[in-house]
Protein chains: 2
Amino acid sequence: MAPQYKLTYFDVGGTAEVSRYLFSYGGIEFEDVRIKRENWAQLKDKTPFGALPTLEHNGKVVGQSVAIARYLAKKVKLVGDDDWENLEIDAIVDTINDIRLKVFPIFMEKDEAKKKALIETLKNDTFGFYLPRLEAEVQKNKGYLVLGRLTWADFYFTTLSPMFDLITGEDVLASYPNLKGVKEKVNALPVIKKWIEIRPKSHA
Amino acid sequence: MAPQYKLTYFDVGGTAEVSRYLFSYGGIEFEDVRIKRENWAQLKDKTPFGALPTLEHNGKVVGQSVAIARYLAKKVKLVGDDDWENLEIDAIVDTINDIRLKVFPIFMEKDEAKKKALIETLKNDTFGFYLPRLEAEVQKNKGYLVLGRLTWADFYFTTLSPMFDLITGEDVLASYPNLKGVKEKVNALPVIKKWIEIRPKSHA
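Conventions used here
Residues numbered from 1 in each chain as written. Chains lettered and ligands numbered in written order. Predicted model: local features only at pLDDT ≥ 70, side-chain atom pairs only at ≥ 80, totals over all residues. Heavy atoms only, no water. Helix = DSSP H or I, 4+ residues; strand = E, 2+ residues; numbered from the N terminus. Buried < 20%, exposed > 50% of the residue type's maximum accessible area, 1.4 Å probe, protein only. Contact = heavy atoms within 4.5 Å. Lys, Arg positive; Asp, Glu negative; His and termini not counted. Charge placed at Lys NZ, Arg CZ, Asp CG, Glu CD. Polar contact = N/O pair within 3.5 Å; in protein donor to acceptor, adjacent residues only side chain to side chain. Pairing = 2+ DSSP bridges. Right-handed = clockwise from strand over helix to strand, strands pointing away. Domains from an automatic or database assignment. Buried area = accessible area lost by both parts, 1.4 Å probe. Salt bridge = Lys/Arg side-chain N within 4 Å of Asp/Glu carboxyl O. Nonpolar A, V, L, I, M, F, W, Y, C, P; charged D, E, K, R; others polar. Least-squares fit on C-alpha atoms with pLDDT ≥ 70 in both. Axes fitted to C-alpha atoms, helices over the stretch in contact; angles between N-to-C directions. Phe/Tyr/Trp six-rings, centres within 6.5 Å; stacked < 30°, edge-to-face > 60°. Lys NZ or Arg CZ within 6 Å of the ring centre and 35° of its normal.

Chemist: Describe the overall build of chain A, and please don't skip the residues or the numbers.
Modeler: Each helix and strand counted, chain A has 9 helices and 4 strands in total. Seen in sequence order, chain A has helices and strands lined up from the N terminus as β-α-β-α-β-β-α-α-α-α-α-α-α. Summarising its shape, the C-alpha atoms of chain A cover approximately 45 × 45 × 30 Å along the three principal directions. A burial count over chain A gives 52% of its 204 residues as buried. Partitioning the intrachain contacts of chain A with sequence separation of at least 6 by distance along the chain shows that 68% fall at a separation of at least 24. Put simply, chain A has 30 plus and 29 minus side-chain charges, and the middle of one group is 3 Å from the middle of the other.

In structure tokens, the structure reads:
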């Protein structure tokens, strides 16, 4: 039987990788469609709001990476036990997303001097503000970002944090052992280890 | 008995208004704390990640406006009937949020010439791209943004769209009768009409 889910994105990790991790975690087969940048212009208008990733299931297509991840997290039971717990997860996820929103535009900056200045601000104002606070959360949550146990917030952080290193050229989590621990724990899960082995090598 | 929820924000609508609407819709009492801008610096460090709104309940405090709204939407039953329906709502909410993220920074721009240019780009590239697509969604969803019925996505759009007019000085939805209809329908709900009447007049 063909997979019931089709995830479409570019041939990188980015904002789709959290969903690929979630599929892998739950042992849910999915079609991992990776489109080439040069084909994006012609596909763009066929997506719900001109953006990837999209998830297709039962003939329906939706966009928005975090919304898709939340849906999959429910399927694979990496969510909270009640509404308040899910609020706590969502709040951490949106905080990680706030960091992402500061990182991603810098990749687009063509002017090298401006880019360098933006990276400095990112390191001081964004990482310098958020990472110590997230580190403290992990410290009081038994090695996880929230709820004292593994949730999709840990998956979201793990799959986005490579961007922090990529943009700065540094090991950004080096001074945050607890956050580094989250990443190591998630990536050491046998199903995730397996996924990292088999995923396309083009992967950032 | 004191209200079980305390919502803290500035003395404007902004990203907290969707939650105030949701409380009102469900007839849930809440403490509507509105702090003055001049007191923000000293409060900032006491919030989870230096941002408002926050929601306090049972001695716990969380941030992130959209996460809070999703939680309240569950309480007042303005959510989907299953996980996929909630994904569809979340995807629309995050799309509206993508628009918001383009609007809000412009309010901060001090240079008048730059601000004017940013507003032009906002009108052409952001509103010009998203609003016709959202308009089409409402057209095929029986006058609502998603699922063919009232959900918290309609509340989110209704409470954020005043920002579109505020930043441009125009009636942005004038050419989008379906989107305008969403807003009118939500604001005409008796409980919401009542809230609009009783809320502080400082309201943008």
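Chemist: Which residues make up the environment of R20(A), and what are the values?
Modeler: All names here are of chain A. Tracing the chain through its elements places R20 in helix α1 (residues 17–26). When the C-alpha atoms of R20 and W195 are compared, they prove to be 8.4 Å apart, with 175 residues separating the residues in sequence. A polar contact is formed between the side chain of R20 and the side chain of E17, at a distance of 2.7 Å.

Chemist: I'd like a rundown of the pairing of strand β1 (residues 5–10) of chain B, residues and numbers included.
Modeler: All names here are of chain B. Of all 6 residues in β1, 5 are buried; the element is thus mostly enclosed. The pairing of β1 with strand β2 (residues 31–35) spans 5 bridges and is parallel. Within β2, the position partnered with K6 by the bridge is E31. One crossover worth recording links β1 to the parallel β2 by way of helix α1 (residues 17–26), and it is right-handed.

Chemist: Residues and numbers for the domain arrangement of chain A, please.
Modeler: Residues and elements named next belong to chain A. Segmentation of chain A into domains returns domain 1 (5–76 + 190–198) and domain 2 (83–188). Between the C-alpha centres of domain 1 and domain 2 there is a distance of 21 Å. Residue-level contacts link 15 residues of domain 1 with 16 residues of domain 2. The contact between domain 1 and domain 2 buries some 1,300 Å² in all, and 73% of this surface belongs to carbon and sulfur atoms. At the boundary of domain 1 and domain 2, one finds 1 salt bridge. Between D90 and R70 there is a salt bridge, and its shortest N-O distance comes to 3.1 Å. The interface formed by domain 1 and domain 2 includes 2 residue pairs in polar contact (both at pLDDT 80 or more). Taken together, the elements giving at least two residues each to the side of domain 1 that touches domain 2 come down to α1, α3 (65–75) and α9 (190–198). For the side of domain 1 that touches domain 2, the leading source of residues is α1, giving 5 residues.

Chemist: Kindly report on the interface of chain B and chain A, identifying the contributing residues and their values.
Modeler: Across the boundary between the two partners, chain B contributes 34 residues, which contact 34 residues of chain A. Between chain B and chain A, roughly 2,900 Å² of surface is buried when both sides are summed, and carbon and sulfur atoms account for 66% of that area. It is F49(B), Q64(B) and W84(B) that lose the most area in chain B upon contact with chain A, and together they represent 27% of the buried surface on that side. Taken together, chain B and chain A are joined by 8 salt bridges. Across the pair R133(A) and D45(B) runs a salt bridge, and its minimum N-O distance is 3.2 Å. Along the contact surface separating chain B from chain A lie 10 residue pairs in polar contact (both at pLDDT 80 or more). Element by element, the count of residues in the side of chain B that touches chain A is highest for helix α4 (residues 83–108) of chain B, at 12 residues. Residue classes in the side of chain B that touches chain A are distributed as 16 nonpolar, 6 polar and 12 charged.

Chemist: Break down the relation of the copies chain B and chain A for me, citing the residues and quoting the values.
Modeler: What relates the pair of chain copies is a rotation about an axis plus a shift along that axis. Superposing chain B onto chain A takes a rotation of 180° plus a shift of 0.0 Å along the axis, which leaves an RMSD of 0.0 Å. Expressed as an axis order, the relation between the two copies is that of a two-fold axis. Closest approach to the rotation axis within chain B is made by the C-alpha atom of L101(B), at a distance of 4.8 Å. Of the residues that chain B buries at the interface, 100% are likewise interface residues in chain A, meaning the two copies contact each other through the same surface.

Chemist: Give me the sheet that holds strand β3 (residues 54–57) of chain B: which residues, what numbers.
Modeler: What links the strands of a sheet is backbone hydrogen bonding, and the strands pair in either a parallel or an antiparallel sense. Residue and element names in this part refer to chain B. Read from one edge of the open sheet, 4 strands run β2-β1-β3-β4, paired in mixed fashion. For this open sheet the edge positions go to β2 and β4 (60–63), each flanked by a neighbour on one side alone. Between one strand and the next, the sheet's axes are offset by a mean angle of 20°, whatever the strand orientation. Along the sheet, helix α2 (residues 37–44) makes contact with β1 and β2, crossing β2 at roughly 100°.

Chemist: Account for the packing of aromatic side chains, naming residues and giving values.
Modeler: Inspection of the entire model under this criterion finds 28 aromatic pairs over all chains. In this structure an aromatic cluster arises from ring pairing among Y5(A), F23(A), F30(A), Y71(A), W195(A) and W84(B). Taking the ring centre of F10(A) as reference, the NZ or CZ of R37(A) above it sits at 4.2 Å.

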